[in-house]
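# Architecture at a glance
Residues per chain are reported as follows:
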Amino acid sequence: MANDKAANALGTFRWEGVDRNGQKVSGELDAASLALAKAQLRQKGIVTKRVRKKTKPFFSRRSSTKITQAEITLFARQMATMIASGIPLVQSFDIVANGQENPAAEKLILAIKNDVEGGTTLSEALRRYPKYFNPLFCNLVDAGEQSGQLDIMLDKIATYKEKIESIKGKIKKALFYPTAVMGVAFIVTAALLIFVVPQFESLFKGFGADLPAMTRMVVSMSRFFQAYWWLIFGMMGGAIYALAIARQRSQSFADWIDRATLQIPIVGIILKKAAIARFSRTLSITFAAGLPLVDALSSVAGATGNSLFLKGTERIREEVSSGQQLQAAMRNTDLFPSMVIQMIAIGEESGSLDHMLSKVADFYEEEVDNAVDSLSSLLEPLIMSILGILVGGLVIAMYLPIFKLGGVV
């Protein structure tokens, strides 16, 4: 476990030693671990006397910077451009690293460069940093190296990651907007009940008349919020935290959540279409890269973003490995629409499976885009109505006694 964590983290090491000419030399080196740093120095013909990890300031903005998937995608795109232009691989690393605005991304690229300089292949170097490069990324790079088309494969990886991140962004957009608005509505309502309604309540005490039922209900809610606001907010925060922890630690609970989300009206349809698009896009690029179908399905399983489709993909892989056709194995899962299965069948018969999978992915990516736009258009009036009922109801409840008093006078 400790070695895996060390392999995921980049560090700077200060070293002192003697070179091949017997001269004392020193410097700094970026590597994933102390052992790798010493190995890289040995490969350069340096006999080390002392190697130690450089400590970082406690308050360091550079050390807390994270590397995003967008930066990994840009790295793949830039490397593809450099290699296609005829620039040597090691020199390409230097050029790409110098253009990075994120210090952490620059350090990662230079560490990969040091590994490649030490004699490892690019795919092997990338596998040392699984936090940033998943098995799919590394397998595709390996296929590109073996076929002599590394630049083309890196370009395909960049395009693939851009499309996958685009789908993720659309899903987040579909879920974030209504959640954020409802959260703000709850906070505004709670603020009115805690701070505004008590002012009206003190005013109503001097009326000497019975309050309307709606006003009494709002006043009772206000008293409850004033007395137990800490409990209400605490329980909500605790519930969200407990759900997040349970999802991480319990696979069965995570599976139940994934199944339940697919049953949500409208949103569930979007999530299912997004999973089909990611399945098709990933299988298309892996199969086109020359990977055997069974190995390609192994990479696809973790890319669908839903445990139900993950298990379905694993079942497909098992049936395909036993001799079943892909379209028949997909039909047995009951996860894919008949149109998708028919297109896969045509692709298998014509020998253009990767092209047909790409067409399926294009279709469902467009479907997700249209569904998100439709959902936003549908939710806007609904959300405005809910806000109007909540805030407008509180305002009416507070002014009803005033209207009643005016009628008596």
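Quick caveat, the model's predicted, so the values are computed rather than measured.

### Details of the overall build of the protein
Regarding its fold elements, the protein presents 16 helices and three strands. The C-alpha radius of gyration of the protein comes to 29 Å, more than 25% above the 22 Å expected for a compact globule of 409 residues. With the C-alpha coordinates aligned to their principal axes, the bounding extent of the protein is approximately 105 × 65 × 40 Å. Within the protein, contacts between residues separated by at least 24 positions form 60% of all contacts whose residues are at least 6 apart in sequence. Separation of charge centres in the protein, based on 45 positive and 37 negative side chains, amounts to 9 Å.

### Structural notes on the pattern of salt bridges
By the definition in use, this model includes ten salt bridges. Residues Arg50 and Glu16 are paired through a salt bridge, measuring 3.2 Å at the closest nitrogen-oxygen approach. You can see Arg50 sitting in strand E3 (residues 47-53) and its partner Glu16 sitting in strand E1 (residues 11-18), a full 34 residues away along the chain. A relative accessible area of 43% places Arg50 in the partly exposed class. A salt bridge links Arg281 to Asp362, with the shortest nitrogen-to-oxygen separation between them at 2.5 Å. Of this pair, Arg281 sits in helix H11 (residues 267-288) while Asp362 sits in helix H16 (residues 353-408), and the two are 81 residues apart along the sequence. Here Arg281 falls in the buried class, since its relative accessible area comes to 8%. Here Asp362 falls in the partly exposed class, since its relative accessible area comes to 34%. Salt bridges sharing partners connect three or more residues here, namely Arg77, Asp155 and Glu162.

### Some remarks on the packing of helix H7 (residues 135-147) against helix H8 (residues 150-204)
Packing of H7 against H8 brings their axes to within 7 Å, and their N-to-C directions diverge by 155°. Considering the angle they form, H7 stands roughly antiparallel to H8. Two packed elements cross with a definite hand, and for H7 against H8 that hand is right-handed. Here Leu136, Phe137, Leu140, Val141, Gly144 and Glu145 of H7 lie close against H8, whose contacting residues are Leu150, Met153, Leu154, Ile157, Tyr160 and Lys161. The class makeup of the residues in the contact of H7 with H8 is nine nonpolar, one polar and two charged.

### Description of the confidence of the model for the protein
Model confidence for the protein is summarised by a mean pLDDT of 81, while 92% of its residues fall at 70 or above. Scored below 50 in pLDDT, residues 1-8 shows eight contacts in the model against residues more than four places distant or in partner chains. Across residues 56-64 the pLDDT falls below 50, and counting only partners more than four positions away or on other chains, this stretch makes four contacts in the model.

Rules of the game
- Residues numbered from 1 in each chain as written.
- Predicted model: local features only at pLDDT ≥ 70, side-chain atom pairs only at ≥ 80, totals over all residues.
- Heavy atoms only, no water.
- Helix = DSSP H or I, 4+ residues; strand = E, 2+ residues; numbered from the N terminus.
- Rg over C-alpha atoms; globule rule 2.2 N^0.38 Å.
- Contact = heavy atoms within 4.5 Å.
- Lys, Arg positive; Asp, Glu negative; His and termini not counted.
- Charge placed at Lys NZ, Arg CZ, Asp CG, Glu CD.
- Salt bridge = Lys/Arg side-chain N within 4 Å of Asp/Glu carboxyl O.
- Buried < 20%, exposed > 50% of the residue type's maximum accessible area, 1.4 Å probe, protein only.
- Axes fitted to C-alpha atoms, helices over the stretch in contact; angles between N-to-C directions.
- Parallel < 35°, antiparallel > 145°, perpendicular 65-115°, else oblique.
- Left-handed = near helix turned anticlockwise from the far one by under 90°.
- Nonpolar A, V, L, I, M, F, W, Y, C, P; charged D, E, K, R; others polar.
- pLDDT = per-residue confidence, 0-100.

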